[in-house]
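Observations on the model geometry
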There are 2 protein chains.
Amino acid sequence: MKNISKEDYLSEIYKNSDENGQVKANLIAEKLQVSNAAVTDMLKKLKREGQIKYEPYRGVELTSKGKEYAKNMVRRHRIWEVFLHQIVGLPWDKVHDEAHHLEHSGSDELINKMEEMLNFPQFDPHGDPIPSKLGIVPEQKHNVALSNLKQNQKGVVIRVNDFDNNFLIYISQIGIKLKKEIKVCEVLNFDKSILVEIDGKKNNLSRTIAENIFVEIKK
Amino acid sequence: MKNISKEDYLSEIYKNSDENGQVKANLIAEKLQVSNAAVTDMLKKLKREGQIKYEPYRGVELTSKGKEYAKNMVRRHRIWEVFLHQIVGLPWDKVHDEAHHLEHSGSDELINKMEEMLNFPQFDPHGDPIPSKLGIVPEQKHNVALSNLKQNQKGVVIRVNDFDNNFLIYISQIGIKLKKEIKVCEVLNFDKSILVEIDGKKNNLSRTIAENIFVEIKK
DNA sequence: AATAAAATTTAAGGATACTTAAGTTTGTAT
DNA sequence: ATACAAACTTAAGTATCCTTAAATTTTATT
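Residues numbered from 1 in each chain as written. Chains lettered and ligands numbered in written order. Predicted model: local features only at pLDDT ≥ 70, side-chain atom pairs only at ≥ 80, totals over all residues. Heavy atoms only, no water.

So, on to the protein's contact with DNA strand C. Taken together, 22 residues surround DNA strand C, and among them Ser-35 of chain A together with Asn-26, Thr-40, Lys-44 and Tyr-54 of chain B come closest. Of what DNA strand C places within 4 Å of the protein, 71% of the atoms are sugar or phosphate. Tyr-57 of chain A places a side-chain nitrogen or oxygen 3.1 Å from a base oxygen of DNA strand C. The contact in question runs from a phosphate oxygen of DNA strand C to an N or O atom on the backbone of Tyr-57 of chain B, over 3.2 Å. For the surface near DNA strand C, the secondary structure elements donating two or more residues are helix H1 (4-15) and helix H3 (36-48) of chain A together with helix H2 (25-32) and helix H3 (36-48) of chain B. For the surface near DNA strand C, the element with the highest residue contribution is H3 of chain A, accounting for five residues. Class assignment of the residues belonging to the surface near DNA strand C gives a composition of 11 nonpolar, five polar and six charged. (Near = heavy atom within 4 Å. Polar contact = N/O pair within 3.5 Å; in protein donor to acceptor, adjacent residues only side chain to side chain. Helix = DSSP H or I, 4+ residues; strand = E, 2+ residues; numbered from the N terminus. Nonpolar A, V, L, I, M, F, W, Y, C, P; charged D, E, K, R; others polar.)

Dropping the structure here:
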């Protein structure tokens, strides 16, 4: 029998850990679209297996064992993403969903072969870091949400959130991709939307859009 | 919840149907490495869903609905095999197992994209036909097991059975691959093994090996 | 045709992962 | 400090897919 669920729970815990490595059960339920009761059930199981630290009514935290496991899942997911994007030519907004299914299949050997073929990429197509075979997570450049830039500041896109395909389709339509320079021309006070310049063209971005794009500030 | 099992049962039924489209329950159990009871259980479920014709103690047969479903699974599997072999560079003996896991993941859209990228291959790396998007199965050239050739007959390899990795490793070591010409030099009477010539080199093949290699007879 | 062997099904039960509904604990607002 | 809401767990039950053991049906042998 497959371990799809367990794998999903562990990577979701990993991806949603706060600075202290803690996650709330509810958040996992929401992300995985299951009931809270299902989460409790699974947390008990994962605790029994030594993958997480967990006391009823307290938060959850990965043990080092659980963290290794989760990092490998995230690694698998992100290598698939790069592969699908670069080799198969799948657009930005399609790779996440496909990779989510594929991450549970394919041997580690295949993943390693693909990684080599891709020349050991450090970041996936959305700018998220890819843990190495040894579990080392590449450092990301210091970055802030585009929504934090002041008028006339420039930034280079380092990462975008990947949880909404339409968001990705929209921003690529207006020319936003990794490494692209964006200049904030104006911050509109009444709705906090911003007017930006990309490739010489001006666009208005809603605050929500701007909150999901992360840039390295350029001097 | 995933449908991995159901998918496996249906493709296994498809792949093991005899000339009349019939399969024995036992054979499915053996191929899938599950108990006979598990097969009975699943057959009831598949019948309920209208995927198979099935009466207790009688054989199994796919309905046209089940056949469409199964052919699509086989298609997915074989396109993955070609992709892994040609694009990722996986050897002959590795593609089947990887593809077996991957065939359950990845959208039909992805499969179609890979198929296009591969220029619509008609056969997988072992020579098995790939059903088209519309369900059309390419015709194979008339072929017979190598074990059926008489002394001094020549054949071109059209297909090999793919259920044993060591078999595949062995035959590729001695230079056997699709389209390779093999000449039968001698059939040894005492153990029915055969002496063949491949690329000018002579090799002895056991009867079992020869039974799993299929050739088009050359005049 | 009787009987033994082989193939298959039924019965009972287990693991995983999910659900809804009800109950408990925790934290916050007054 | 209490009371309430939010967060979480427990309880009971479902679906899927599997197991072993016992019973049944089919088939092959004499």
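Bringing unusual backbone geometry into the picture now. Phi at Gln-33 of chain A takes a positive value of approximately 60 degrees, unusual for a residue other than glycine. Mapped onto the elements of the fold, Gln-33 of chain A is located in the loop between helix H2 (25-32) and H3. Given the relative accessible area of 70%, Gln-33 of chain A is considered exposed. Within the chain, Phe-120 of chain B stands out as a residue other than glycine whose phi angle is a positive 50 degrees. On the basis of relative accessibility, which here comes to 45%, the residue Phe-120 of chain B falls in the partly exposed class. (Buried < 20%, exposed > 50% of the residue type's maximum accessible area, 1.4 Å probe, protein only.)

On to the domain arrangement of chain A. When the parts of a complex come together, some accessible area is lost, and that lost area is often taken as the interface size. The domains assigned to chain A are domain 1 (4-62) and domain 2 (144-218). A separation of 32 Å is found between the C-alpha centroids of domain 1 of chain A and domain 2 of chain A. (Domains from an automatic or database assignment.)

Okay, the pairing of strand E9 (residues 213-218) of chain A next. Residue and element names in this part refer to chain A. Pairing of strand E4 (residues 144-145) with E9, which is carried by two bridges, proceeds in the antiparallel orientation. Note on E9: the bridge partner recorded for Ala-145 is Phe-214. Pairing between strand E5 (residues 154-160) and E9: six bridges, direction antiparallel. Across the sheet, Val-156 pairs through a bridge with Glu-216, a residue of E9. (Pairing = 2+ DSSP bridges.)

Right, let's get into the relation of the copies chain B and chain A. At an RMSD of 0.2 Å, chain B and chain A line up after a rotation of 180 degrees and a shift of 0.0 Å along the axis. On the angle and the small slide along the axis, the relation comes out as a two-fold axis. Rotation axis and chain B: the residue whose C-alpha lies nearest the axis is Leu-102 of chain B, separated from it by 3.3 Å. (Least-squares fit on C-alpha atoms with pLDDT ≥ 70 in both.)

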